[in-house]
Protein chains: 2
Amino acid sequence: MKHLFLAALVGAVVLPASAQFQKPEDAVKYRIAAFQVMGTHFGRLGAMANGKVPFDAAAAAANADIVAMMSKLPFTAFGEGTDKAGNTRAKPEVWSEADKFKAGATKMQEEAAKLQAVAKGGNLDQIKAQFGATAQTCKACHDNFRKD
Amino acid sequence: MKHLFLAALVGAVVLPASAQFQKPEDAVKYRIAAFQVMGTHFGRLGAMANGKVPFDAAAAAANADIVAMMSKLPFTAFGEGTDKAGNTRAKPEVWSEADKFKAGATKMQEEAAKLQAVAKGGNLDQIKAQFGATAQTCKACHDNFRKD
């Protein structure tokens, strides 16, 4: 159990769903929820990075903290048997190209951690740049591993 | 904007949805997702507290960290106009008894913060006691403010 949670915190990706979720549907609900929360706060950062709402350093830092924490959560919930459960939009490649999926997840987590650090600094130009770098890691996985 | 995010972080409850969500449905999706993630990790703590899975101090602390952070999120998403949107199970009392709802949310956040502190300590008996105290604050709001 310790291993599972430590793995979740340092970014491991594919674990047996049975280890943490009672049913595959529970894992799917959980990962969708975690992405939903992450996406909401990432979107708020994006609105600032793109000038749609006024830049607020404290708000940016708070959002980036949440994004970084949420980035660690969903990838524990792509275990075996969760490929067709619930409302998942995951492509079969999540499992058939598991190493690539894991690498993409790890890259996203790394960029989100950098975004958290940059946002603490409060420099909008740096936040814009790192927001873009992080957004690319989101897009890469969506393109490769998520159905439209 | 700064005020809104600081308020979110210290536990304020009812804010205009328009301030943070584009549509009421977005707010409802967000708060359901935040509760989903919180509930998953709270449930894992409960499984340990109730002896259904072996106690693991590191796992308990990791789960309690997530619960404490998630506890701060959903209550920014009960703004005006979100009472009947999407798949909400919120009762009208969330808005008609807003002070009571806010007090319940704050109490839950306080107990979750205590649970986080206790879990760091690694003492199972203390975790059991504080898990129970926190669970009561969940139940109180569900009984009063959530449809079955």
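Residues numbered from 1 in each chain as written. Chains lettered and ligands numbered in written order. Predicted model: local features only at pLDDT ≥ 70, side-chain atom pairs only at ≥ 80, totals over all residues. Heavy atoms only, no water.

Peer 1: Can you lay out the pattern of salt bridges for me, pointing to particular residues and giving the numbers?
Peer 2: For side chains of opposite charge, pairing can occur when their charged atoms come near one another. All names here are of chain A. For the structure shown, the criterion picks out 10 salt bridges over all chains. The partner of Lys-120 in a salt bridge is Asp-65, and the shortest N-O contact between them spans 3.2 Å. Taken as a pair, Lys-120 in helix 5 (residues 98-121) and Asp-65 in helix 3 (residues 57-71) lie far apart in primary sequence, 55 residues in all. Lys-120 gets classed as exposed once you look at its relative accessible area, which sits at 57%. Its relative accessible area of 30% is what places Asp-65 among the partly exposed residues. Salt bridges here are not isolated pairs; linked through shared partners, they connect Lys-107, Glu-111 and Lys-114. (Salt bridge = Lys/Arg side-chain N within 4 Å of Asp/Glu carboxyl O. Helix = DSSP H or I, 4+ residues; strand = E, 2+ residues; numbered from the N terminus. Buried < 20%, exposed > 50% of the residue type's maximum accessible area, 1.4 Å probe, protein only.)

Peer 1: Any details on the nonpolar core? Residues and values, ideally.
Peer 2: In this structure, Val-37 and Met-70 of chain A together with Val-37 and Met-70 of chain B are the most contacted members of the largest nonpolar core, which totals 70 residues. When near neighbours in sequence (up to four residues on either side) are disregarded, Val-37 of chain A contacts Ile-66 and Met-70 of chain A together with Tyr-30, Ala-33, Ala-34, Met-70 and Leu-73 of chain B. (Core = buried A, V, L, I, M, F, W, Y, C linked by side-chain atoms within 4.5 Å. Contact = heavy atoms within 4.5 Å.)

Peer 1: Please set out the side chain of Glu-111 of chain A residue by residue, giving values where relevant.
Peer 2: Mapped onto the secondary structure, Glu-111 of chain A falls in helix 5. The residues touching Glu-111 of chain A, leaving out its near neighbours within four places in the chain, are Gln-130, Ala-133, Thr-134 and Thr-137 of chain A.

Peer 1: Kindly report on the interface of chain A and chain B, identifying the contributing residues and their values.
Peer 2: Contacts between the two partners involve 25 residues from chain A and, on the opposite side, 25 residues from chain B. Remark: the boundary between chain A and chain B carries 0 salt bridges. Elements supplying a minimum of two residues to the side of chain A that touches chain B: helix 1 (2-10), helix 2 (24-49) and helix 3 of chain A. Along the lines of polarity and charge, the residues of the side of chain A that touches chain B split into 16 nonpolar, 5 polar and 4 charged. (Nonpolar A, V, L, I, M, F, W, Y, C, P; charged D, E, K, R; others polar.)

Peer 1: Residue-level account of the packing of helix 2 of chain A against helix 3 of chain A, with values.
Peer 2: Each pair of packed helices can be summarised by the angle the axes make with each other and by the distance between the axes. All names here are of chain A. At a minimum axis distance of 9 Å, the contact between helix 2 and helix 3 shows a crossing angle of 150°. With respect to their mutual orientation, helix 2 and helix 3 come out roughly antiparallel. When the axes of helix 2 and helix 3 are compared, the crossing they make is left-handed. Where helix 2 approaches helix 3, its residues Ala-34, Val-37, Met-38, His-41, Phe-42, Arg-44, Leu-45 and Met-48 are matched on the opposing element by Ala-59, Ala-60, Asn-63, Ala-64, Ile-66, Val-67, Met-70 and Ser-71. A class-by-class count of the residues in the contact of helix 2 with helix 3 yields 12 nonpolar, 3 polar and 1 charged. (Axes fitted to C-alpha atoms, helices over the stretch in contact; angles between N-to-C directions. Parallel < 35°, antiparallel > 145°, perpendicular 65-115°, else oblique. Left-handed = near helix turned anticlockwise from the far one by under 90°.)

Peer 1: Let's hear about the packing of aromatic side chains: which residues, and what values?
Peer 2: One pass over the full model with this rule turns up 18 aromatic pairs over all chains. Here the aromatic rings of Phe-75 of chain B and Phe-101 of chain B are separated by 5.7 Å at their centres, their planes lie at 65°, and the arrangement is edge-to-face. Here Phe-75 of chain B, found in the loop between helix 3 (57-71) and helix 4 (93-96), pairs with Phe-101 of chain B, found in helix 5 (residues 98-121); they are 26 residues apart in sequence, far enough to count as distant. According to the relative accessible area criterion, Phe-75 of chain B is buried, its value standing at 4%. Ring geometry for Phe-78 of chain B and Trp-95 of chain B: centres 6.2 Å apart, planes at 50°, overall tilted. Taken together, the residues Phe-78 of chain B in the loop between helix 3 and helix 4 and Trp-95 of chain B in helix 4 connect sequence positions 17 residues apart. Three or more aromatic residues link up through ring pairs in this structure, and these residues are Phe-35, Phe-75, Phe-78, Trp-95, Phe-101 and Phe-145 of chain A. Sitting over the face of the ring of Phe-78 of chain A, Arg-31 of chain A holds its NZ or CZ atom 4.2 Å from the ring centroid. Positioned over the ring face of Phe-21 of chain A is Arg-44 of chain B, at 4.8 Å from the centre of the ring. (Phe/Tyr/Trp six-rings, centres within 6.5 Å; stacked < 30°, edge-to-face > 60°. Lys NZ or Arg CZ within 6 Å of the ring centre and 35° of its normal.)

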